[in-house]
Amino acid sequence: MSPRLKLRDIAFFERPVQFARPFRFGTITINATPQLLVRAEIEVEGRGVAVGAGAELLVPKWFDKRPELSPAQTVDGLRLSLQIARGLYLARTGFQTAFDLHASCIGAQIAACAKENIPPLTAAYGPAEIDKAILDALLRAVETSFFDGMAANIAGIDARLSPDLSERDIRTFLAGRVPLERVAIRHTVGLDDTIEGQGGVADPRENTGARYFKLKLSGDPAADAARLARIGKELNTLGRDYKVTLDANEQYADLAALQALIERLDHDAALRPIATRLLYVEQPMPRDITRQSPLGSLAARGFIIDEADDSFDAFPAARALGYRGISSKSCKGLYKSIVNATRAAKWSAEGETFFVTGEDLTCQAGLAVQQDLALGAFIGVTHGERNGHHYVDGFGETPAAEAAAFAAAHPDLYADAGQSIRLSIHDGDLLTGSLHATGFATAVHPDWSALRPLEQPNSIQEQLA
């Protein structure tokens with residue numbers, strides 16, 4: 001039986017994060033954005049009280065790309081999602097499993113956010129972040145690690161939100177997990193990043209030995225093809241084998257534009273270094289267009305959804321359109337990632353190939369990168385996008401003592417780079433050994449006293465009016 005818990009409190013904090021270099025994806029360039037930190041206090045039946053934590057950037061213009069909203073307004077949408085979720089979660093006053101709590105609130109969360117003009121992907125952010133902190137507290141209360149706890153289904157995940165699966169499917173998948181000891185990093189190349197020469201994609205000081213590369217696309221087939229040819233020429237100088245993925249962040253207007261890019265990949269000799277090493281193309285078209293556009297013959301190239309993954313039924317719907325994969329991001333919900341990984345395993349066992357990928361949305365050193373890395377290692381993601389260490393200087397504006405505490409507790413993940421503590425990458429891989437700590441992949445919590453409370457959001461409706 002999964003242990004039951006009840007919530008005593010949820011608190012939100014934020015910390016400024018200044019980027020060391022601009023990060024451009026789609027139409028947005030990020031130079032700084034706040035990081036959210038969540039503190040949850042629970043009472044576990046027969047086990048007493050425990051505190052858990054989670055963290056994630058409040059990323060502008062990714063969850064909600066509507067052109068009429070400013071970057072700051074989309075961050076306010078995330079803050080409002082958190083506040084709505086907090087109210088719904090704390091209203092559940094009885095003992096229940098961690099997944100009971102999520103499943104009983106997610107429908108009301110989507111509906112309440114819709115009334116505030118908040119789209120489903122943004123709406124899911126609030127529960128996703130609360131769930132991580134609750135799970136951390138639960139694992140601490142029963143004194144077990146994320147990997148052992150999830151294999152035993154400590155959260156009580158069932159099939160009520162995924163009727164295409166049976167509860168046996170989920171239990172069998174969880175029980176059979178053998179967490180990866182190493183996860184390769186996939187180095188992100190943003191649209192404004194240097195390509196050639198010093199600081200370019202082949203510079204080992206920039207790519208830190210990566211064997212996988214994630215290349216952002218702009219949505220213009222001709223411009224993207226020219227840029228990919230330049231990147232491929234540079235990557236061919238690495239002296240090692242490599243693989244690539246492409247990410248359009250919803251920038252391709254329709255299937256015709258996407259077809260134009262794929263035809264160039266199929267026939268342009270200058271693109272052969274990319275085309276022959278391409279694993280998949282991520283979220284090429286806007287989420288609304290995606291749902292109306294079967295891929296047809298394009299499906300042979302391998303496509304995944306990311307921003308279109310805004311509900312528990314998104315993966316089956318995408319499969320019917322010809323998509324083969326879906327991204328795992330703890331900011332979209334760890335339970336949804338596990339359900340989707342269960343689906344991919346079940347469908348693949350039936351004869352076709354389906355997969356879950358690791359896309360990290362700039363997880364920062366500390367809680368965020370550790371929890372997302374553990375989730376990927378648990379469900380079998382062998383390489384994951386890890387751009388936080390690249391675009392932010394180590395722990396950024398985290399107090400030095402807090403960063404040092406994380407480094408001391410997780411010496412396989414962090415190293416002192418001389419001026420700051422940074423993510424430690426071993427021959428292109430991250431090691432997961434220290435993530436077996438009691439709790440959700442962390443032996444350390446933030447210094448809560450050094451954080452400021454989450455800013456009060458303005459209503460999206462009022463701002464648009």
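We now turn to the structure provided with this report. The model shown is predicted, which means the values in this text are computed figures rather than measured ones.

About the criteria used
Residues numbered from 1 in each chain as written. Predicted model: local features only at pLDDT ≥ 70, side-chain atom pairs only at ≥ 80, totals over all residues. Heavy atoms only, no water. Helix = DSSP H or I, 4+ residues; strand = E, 2+ residues; numbered from the N terminus. Expected span 1.5 Å × (residues − 1). Buried < 20%, exposed > 50% of the residue type's maximum accessible area, 1.4 Å probe, protein only. Contact = heavy atoms within 4.5 Å. Bend = angle between axes of the 7 residues up to and from the residue. Pairing = 2+ DSSP bridges.

1. Remarks on helix α3 (residues 120-141)
For α3, with 22 residues, the first-to-last C-alpha span of 32 Å sits near the 32 Å given by 1.5 Å per residue. Most of α3 sits out of view: 20 of its 22 residues are buried. Phi for glutamate 143, located one or two positions after α3, is positive at around 60°.

2. Thoughts on the environment of alanine 32
For alanine 32, the position within the fold is in strand β2 (residues 28-44). By relative accessible area, which is 38% here, alanine 32 ends up partly exposed. Measuring from C-alpha to C-alpha, the distance between alanine 32 and serine 166 comes to 43 Å, with 134 residues separating the pair along the chain. Those residues in contact with alanine 32, other than ones at most four positions away along the chain, are Val17, Gln18 and Phe19.

3. Concerning helix α2 (residues 98-115)
For α2, which comprises 18 residues, the first-to-last C-alpha distance of 26 Å matches the rise-based estimate of 26 Å (1.5 Å per residue) to within 8%. The largest bend in α2 is about 35°, located at cysteine 105. Within α2, the full set of buried residues consists of Ala98, Phe99, Leu101, His102, Ala103, Cys105, Ile106, Gln109 and Cys113. Asparagine 117 occupies a position one or two residues after α2 and carries a positive phi of about 65°.

4. Some points on the sheet that holds β2
Spatially, β3-β2-β1-β15 is the arrangement adopted by the 4 strands of the open sheet, whose pairing is antiparallel. Edge positions in the sheet fall to β3 (48-57) and β15 (452-453), since each of these pairs with one other strand and no more. The sheet contact formed by strand β1 (residues 5-25) and β15 spans 2 bridges and is antiparallel. Looking at the pairing, glutamate 14 lines up with arginine 452 of β15.

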